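Summary of the model geometry
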Amino acid sequence: YYWDGRDGADFRGWWIGPKMGGDEAWALNEDQDAARMPFTRWKVPWNGQVDPALVIKEPAAAASGPTPGSSTIPLGARPIPAPSQPSGGGGGGEAGM
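If you're wondering where the values come from, they're calculated on a predicted model, not measured in any experiment.

**Observations regarding the overall build of the protein chain**
Summing up its helical and strand segments, the protein chain has one helix and five strands in all. A buried classification covers 27% of the 97 residues belonging to the protein chain. Nonlocal contacts in the protein chain, meaning residues at least 24 apart in sequence, comprise 42% of its contacts between residues at least 6 apart. On the protein chain, roughly 6000 Å² of surface is accessible, and the fraction owed to carbon and sulfur atoms is 53%.

Put into structure tokens, the structure is as follows:
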């Protein structure tokens with residue numbers, strides 16, 4: 001999902017986590033100009049370095065299985081807490097693939 005800048009610059013970007021706007025996240029992409037979820041340049045964990053092995057695929061392409069050498073985030077993986085939101089924070093803008 002995409003979270004807009006209403007809660008501050010630290011929260012703006014594309015997030016991968018167990019629920020939209022939650023306090024846990026697996027990955028972050030800070031490409032704020034992307035009209036849809038970016039395929040590359042994801043930070044894993046969200047507060048780490050860009051992991052070039054993590055590549056997001058279109059749902060039809062993903063059905064064929066992972067590309068050799070690519071990373072996957074297994075279902076049930078334990079997310080890393082995202083930065084705390086300021087109190088009174090609303091929600092982010094929603095966007096998806």
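**Focus on the nonpolar core**
By size, the foremost hydrophobic cluster in this structure holds nine residues: Tyr2, Trp14, Ile16, Trp26, Ala27, Met37, Trp42, Leu54 and Ile56. Core analysis: the next-biggest nonpolar cluster, separate from the first, contains seven residues, Tyr1, Trp15, Ala25 and Leu28 among them.

**Details of the pairing of strand E2 (residues 13-16)**
The pairing of strand E1 (residues 2-3) with E2 spans two bridges and is antiparallel. Note that in E2 the partner of tyrosine 2 across the bridge is tryptophan 14. By the bridge criterion, three bridges tie E2 to strand E4 (residues 27-29) in an arrangement that is antiparallel. Note that in E4 the partner of tryptophan 15 across the bridge is leucine 28.

The rules we used
- Residues numbered from 1 in each chain as written.
- Predicted model: local features only at pLDDT ≥ 70, side-chain atom pairs only at ≥ 80, totals over all residues.
- Heavy atoms only, no water.
- Helix = DSSP H or I, 4+ residues; strand = E, 2+ residues; numbered from the N terminus.
- Buried < 20%, exposed > 50% of the residue type's maximum accessible area, 1.4 Å probe, protein only.
- Contact = heavy atoms within 4.5 Å.
- Areas by Shrake-Rupley, 256 points an atom, 1.4 Å probe, with all protein chains shown as cover.
- Core = buried A, V, L, I, M, F, W, Y, C linked by side-chain atoms within 4.5 Å.
- Pairing = 2+ DSSP bridges.

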